[in-house]
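# Commentary on secondary and tertiary structure
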Amino acid sequence: MTGTLILQSALAGITNGFVYALIGLGLAVVFRGTRIINAMQGEFALIGGMVAYVLLNRFGLPLSLAFLCGALAGGALGWLIELTLVRPTRKRGASEEGYLLLTLGIAFAISAGVLYFFGRDARILPGIGGEGSQILFDAAIRTHAIWLIVISGAVMLALRFFYTGTLIGLSMMAASIDEDGAATTGINVPRMRSLTFLLGGSVGGLAGVLVSPLITIQYEMGLLLTLKGFAAAILGGLTNPFGAVIGGLTLGIVESLAVLTVSSGYKDVIAMTILIVIMIVLPDGILGRRLRRGG
Amino acid sequence: MPVIARVHEANARLPLLKWAGALLVVALWAVLPALASRSVTDMLVFTALYSIAGLGVSFLLGQCGIVSLAQSVFYGVGAYSTAYCCVQLGWPSAAGLLVGIGISAVVAVAVGWPILRLSGYFLALATLALAIIGHVLFLEWDWLTGGTLGIGGIPPLSFMDYQLNSPQRFYYLVWPIAAALLWFHANLLRSRNGLAMRAMRDAPAAAAVLGVNIRILKVRMFVLSAVLGSLAGSLFAHYVSFVSVDSFGVDRAINFLLLAVLGGAKTIVGTVLGALFITIVPNALSRFGDIHAVLFAACLIAAVIFLPDGFGGAIARLTARMRAGDSRS
Amino acid sequence: MPALLEVRRISRSFRGLQVLRGVSFSVEGGAIVGLIGPNGAGKSTLFNIVSGFLPPDDGDIIYAGADISRRSVPDRSYAGLVRTFQTPQVFRHLSVRENLMAGCYKQTRSGVLANLLGTPGSREESRRMRRSADAACEEFGLTAVRDRLAGELPAGQQRLVELARAAVGEPRLLCLDEPSSGLNTEEVVQLMNALQRLNAQGITILLVSHDMDLVTIAPVIHVLCFGEIIASGPLRAVQSDTRVREAYLGV
């Protein structure tokens, strides 16, 4: 096994890691805003990628516009789901399990819907910078992958600023921590919840359009992405975006390196085992703060 | 709701009607294969099989408060154990069944012990991760499972020389087994461990104070659930005589969970209703093509929103209200 | 009578805040002992340590002559140490009778397999549990609501269910955490009578409470303030102690 091969794998792992971190970030956004664990986060990515694909190939939109629309489609879907499905569930007083079952059901509905409308074939999108690659110490990394990392990083910083520095961001957090208190200070709590899903869906959709040139998009990808993103999110304590990055990178790199030693079919087994181990050993994230329930 | 208690009361009040009703149901059940088509009987066989596996998920959800998406793994273990032992090793069917149960129990203890410390959505997602791991292993370990090609030629169950190789014959085996298991479960609910289990769901700290070892009880219940899944899987293998990895994936796990949620995890009759639903509805919807999966998921969503106690719960509420109406008149 | 429970130099801190500083006191077998103190004194923490929900940083808990500081909650329960909770932790979806039957868990032995098969032994046990539960219902005046879901009862009755459930398991030491919270005066009197009845049957009672009326049933009171016992003795003596007055009125 050459150093180049290892480096190549590590680079792939880092790229994947940022995708997982983005998904994890979306999960964290939804959790911070509504205390709901969103099992359909990966489906936002799927829809984002699919919408971008359709806009690009059937409507001939330019790449960056298609990407943007894909991300926004994720947001729109999130907002719609909150309005039509999450609110009635809340009104009937659902338990934690109830929300999980709801989001799981929606995840499967979306996945099945994509299967119905687009079939089983995988689709692929062109990346930013086309097929070009950069060479790093003899290992190649696609230009698009570098863009992915940069954009992901920018999104994370933006979100951090959003939550700590803007009124809306603070209001969203306040609305989830103390509903009644927030309402008395004039915060429109239901709208904050809708915004939360809008934001979470957009981040998910963005993850989808960013990842689709590198791996193919097909109807089954959502659930695995969600679980891997969840692993990243837990390491960040479900609230710290930098923790999610570290979690995502860990998962991505270990996954890629492990594939060098065992058959690639075991990739998901390794990822899922890492998830379980993280949940048991580090449920509060690497920073050890008790900010979540369940576990 | 203490359905057991309410059923006891109903018993006390209307014994004749209840017995007549039960006899009617049994009579209908007995003659159905003679009257109905082969495909309907086949559907009802699957209803029984899914009732057995679904009971495992259902009682974990309703009585222990655990969302388990791992049942597909144990279903697969049972099916593949039977397939491998009977086809590759030539062992008798009982051996395959017992091997399946044994492996499932061991796996349930091995994974249950660490992950059952978790609760809420962490636990649910951990079981989902297990379902994925199981599915991939079934695929990768093709020397054991035949991978995508599967294992065929599983002999049907036979007693003496009487082979259960048709839906009608299998129907008369599988339903009594399902009924027996449901009866065992009813026994459990009334007993000390059943009460401990339900107590643990409602107030774990208070249960611990009464002497219940929460962790050990959870693992025991998980093992029980796994055994039910494995048993159903072994019977399934003997019935369809060909198993492949497609039957043991995450959508199977979702099906079992849907059965529990839709049927009503807190009642026993709910499990059977849920099983009926997930066998009949896909059949009825299959004429619409691939969209049936979407409709199916839509049912899960609707059930979570509108019927959190499932059909069984709705029925229990209805009968309670009817009896309340009776006592007032 | 020898001490049933000895709390020896128990210390505990949370995130740098010292909540308990070397607390020591004992509870005589057959006695009713009260533990009072202002908010934030550390009563809940001490209670959680005694009942096994929290480990101490330092010190020991000696129960019936044995060191139980590291024993689990179910273990302590089997030894006869049972506690109740500040908010009544009844089993909401079980009937009152089923709640009390659950209280008999310790006294029954049948395993899961026997339960599943419905063996004669298992059935006999269930019948015995039912009889004990019904008898306890009588004793605590719960027969009228025996078949109702515990979660549907008003707070006062839920308290009684919790107490009856603890009592039916024949505990030696009953630890009660704010048992009168949420009860009206009539219900508090009912509770006091029930506790005195249990004590007369030989059950030792350790009581944490804010309620000065309830606490009158305890001949011995310990006052906990800022993690230390600052006074002990009969209620009258303790109430006139200057340190106690300062603690309650604030320095």
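Note that the coordinates shown come from a computational prediction; the quantities given were computed from them, not determined experimentally.

The next subject is the overall build of chain C. Scanning chain C from terminus to terminus reveals nine helices and 10 strands. Computed over the C-alpha atoms, the radius of gyration of chain C is 19 Å, within 12% of the 18 Å expected from 2.2 N^0.38 for a compact globule of 251 residues. Buried residues in chain C amount to 45% of all 251 residues. Within chain C, residue pairs in contact and separated by at least 24 positions form 67% of the contacts whose partners lie at least 6 positions apart.

A few words now on the overall build of chain A. Tallying secondary structure elements over chain A gives 11 helices and two strands in all. For chain A, the succession of helices and strands along the chain, N to C, is α-α-α-α-β-β-α-α-α-α-α-α-α. In terms of overall size, chain A behaves like a compact globule, its C-alpha atoms giving a radius of gyration of 19 Å where 295 residues would be expected to give roughly 19 Å. For chain A, long-range pairs separated by at least 24 residues make up 76% of all intrachain contacts whose partners lie at least 6 apart in sequence.

What follows covers the pairing of strand β9 (residues 220-225) of chain C. Across a regular strand the side chains alternate sides, sitting on one face of the sheet and then on the other. Residue and element names in this part refer to chain C. Buried residues dominate β9, accounting for five of its six residues. Two elements, strand β3 (residues 32-36) and β9, share four bridges in a ladder whose sense is parallel. When the bridges of β9 are listed, G34 appears paired with I221. A loop of two residues connects β9 with strand β10 (residues 228-233), the two strands running antiparallel in sequence, and F226 in this loop sits at a positive phi of about 50 degrees.

A word on the domain arrangement of chain C. Per the domain assignment, the segments of chain C are domain 1 (3-90 + 170-249) and domain 2 (92-152). The interface of domain 1 of chain C with domain 2 of chain C comprises four residues on the first partner and six residues on the second.

The next thing to look at is the pairing of strand β1 (residues 3-14) of chain C. Residues and elements named next belong to chain C. Alignment of β1 against strand β2 (residues 17-28), held across eight bridges, turns out to be antiparallel. Residue pairing in the sheet places L5 in a bridge with V27 of β2. Counting the residues between successive antiparallel strands, the hairpin from β1 to β2 contains two residues, one of them, R15, with a positive phi of roughly 45 degrees. Direction of pairing for β1 relative to strand β4 (residues 58-63): antiparallel, over a ladder of five bridges. Across the sheet, residue R8 finds its bridge partner in β4, namely D60.

This paragraph deals with the packing of helix α4 (residues 71-88) of chain B against helix α6 (residues 120-140) of chain B. To describe two helices that pack against each other, one gives the angle between their axes and the distance between the axes. Residues and elements named next belong to chain B. Where α4 meets α6, the axes come as close as 8 Å, and the angle between the chain directions of the two elements is 30 degrees. The orientation of α4 with respect to α6, classified from their angle, is roughly parallel. Here S72, V73 and G76 of α4 lie close against α6, whose contacting residues are L130, A131, G134 and F138. Tallied by class, the residues present in the contact of α4 with α6 amount to four nonpolar, three polar and no charged.

What follows deals with helix α13 (residues 268-285) of chain B. In an α-helix, one turn spans 3.6 residues, which is why side chains three or four residues apart end up on the same side. Between its first and last C-alpha, α13(B) extends 26 Å over 18 residues, near the 26 Å set by a 1.5 Å rise per residue. For α13(B), the complete set of buried residues consists of I268(B), G270(B), T271(B), V272(B), L273(B), G274(B), A275(B), L276(B), F277(B), I278(B) and T279(B).

Before going further, it helps to examine the interface of chain A and chain B. The partner chain B presents 34 residues to the 38 residues of chain A that form the contact. For the side of chain A that touches chain B, the secondary structure elements donating two or more residues are α3 (63-91), α4 (96-118), α9 (221-235) and α11 (267-281) of chain A. Split into classes, the residues belonging to the side of chain A that touches chain B amount to 24 nonpolar, nine polar and five charged.

In this section: the environment of W113(B). Residues and elements named next belong to chain B. Mapped onto the elements of the fold, W113 is located in helix α5 (residues 93-115). On the basis of neighbour counts, which here come to 14 C-beta atoms within 10 Å, the residue W113 falls in the partly exposed class. On a C-alpha basis, the gap between W113 and F222 in space is 9.5 Å, while along the polypeptide they are 109 residues apart.

Residues and elements named next belong to chain C. Strand order across the open sheet formed by four strands is β2-β1-β4-β5, with antiparallel pairing between neighbours. What marks the edges here is a single partner per strand, and that holds for β2 and β5 (66-67). Lying on the sheet, helix α1 (residues 43-51) is in contact with β1, β2 and β4; it crosses β1 at an angle near 125 degrees.

The subject of this paragraph is the interface of chain C and chain B. On the chain B side, the residues contacting the 33 residues of chain C number 27 residues. Listed by contribution, the elements that provide at least two residues to the side of chain C that touches chain B are α2 (73-78), β6 (81-83), α3 (96-103), α4 (112-117) and α5 (120-139) of chain C. Of the residues that constitute the side of chain C that touches chain B, the class distribution is 15 nonpolar, 12 polar and six charged.

All names here are of chain C. Across the sheet, which stays open at both edges, the six strands sit in the order β6-β7-β8-β3-β9-β10 with mixed pairing between neighbours. Across the chains shown, the open sheet's two edge strands, defined by having one partner strand only, are β6 and β10. Adjacent strand axes in the sheet meet at a mean angle of 20 degrees, parallel and antiparallel pairs treated alike. In this sheet, strand β8 (residues 204-208) lies alongside strand β7 (residues 173-177) in parallel orientation, the contact comprising five bridges. Residue pairing in the sheet places L173 in a bridge with T204 of β8.

All names here are of chain A. Taking 1.5 Å as the rise per residue, helix α1 (residues 3-34) with 32 residues should run 46 Å; its terminal C-alpha atoms sit 45 Å apart, in good agreement. Burial of α1 is extensive: 23 of the 32 residues sit out of reach of the surface. R35 occupies a position one or two residues after α1 and carries a positive phi of about 60 degrees.

Even without glycine at this site, R35(A) takes up a positive phi of about 60 degrees. Position of R35(A) among the secondary structure elements: in the loop between α1 and α2 (41-57). With 13 C-beta atoms counted inside 10 Å, the residue R35(A) sits in the partly exposed group. Of note, R9(C) is a non-glycine position whose phi angle comes to about 50 degrees, a positive value. Its place among the elements puts R9(C) in strand β1.

So, about the nonpolar core. Formed by 275 residues in total, the largest nonpolar core has its most connected members in L275(A), L49(B) and A129(B). With 15 residues, the top contributor of residues to this core is helix α11 (residues 214-240) of chain B. Domain assignment of the residues forming this core places at least three in each of domain 1 (3-90 + 170-249) and domain 2 (92-152) of chain C. Setting aside residues up to four positions removed in sequence, A129(B) forms contacts with L227(A), M272(A), L275(A) and I276(A).

Another point: the packing of helix α3 (residues 38-64) of chain B against helix α8 (residues 167-190) of chain B. Residue and element names in this part refer to chain B. Running from N to C, α3 and α8 point in directions that differ by 25 degrees, and their axes come no closer than 9 Å. Judged by the angle between their axes, α3 and α8 are roughly parallel. Handedness of the α3/α8 crossing: left-handed. Contacts between α3 and α8 involve R38, T41, D42, L44, V45, A48, L49, S51, I52, L55 and F59 from the first element and P167, Q168, F170, Y171, V174, W175, A178, L181, L182 and H185 from the second. Here the contact of α3 with α8 is built from residues that sort into 15 nonpolar, four polar and two charged.

This part is about the confidence of the model for chain A. This prediction gives chain A a mean pLDDT of 84; 96% of its residues lie at or above 70. Taken as a whole, residues 290-295 of chain A scores under 50 in pLDDT and shows 17 contacts with residues more than four places along the chain or in a different chain.

Residue and element names in this part refer to chain C. Overall, the predicted model of chain C reaches an average pLDDT of 89, with 98% of residues at or above 70. Averaged over each element, pLDDT in chain C is lowest for helix α9 (residues 242-249) (77) and highest for α3 (94). Here the predicted complex carries an ipTM of 0.88, next to a pTM of 0.88.

Cut-offs and rules
Residues numbered from 1 in each chain as written. Chains lettered and ligands numbered in written order. Predicted model: local features only at pLDDT ≥ 70, side-chain atom pairs only at ≥ 80, totals over all residues. Helix = DSSP H or I, 4+ residues; strand = E, 2+ residues; numbered from the N terminus. Rg over C-alpha atoms; globule rule 2.2 N^0.38 Å. Buried ≥ 20, exposed ≤ 12 C-beta atoms within 10 Å, placed from the backbone. Contact = placed C-beta atoms within 7 Å. Pairing = 2+ DSSP bridges. Domains from an automatic or database assignment. Axes fitted to C-alpha atoms, helices over the stretch in contact; angles between N-to-C directions. Parallel < 35°, antiparallel > 145°, perpendicular 65-115°, else oblique. Nonpolar A, V, L, I, M, F, W, Y, C, P; charged D, E, K, R; others polar. Expected span 1.5 Å × (residues − 1). Core = buried A, V, L, I, M, F, W, Y, C linked by C-beta atoms within 7 Å. Left-handed = near helix turned anticlockwise from the far one by under 90°. pLDDT = per-residue confidence, 0-100.

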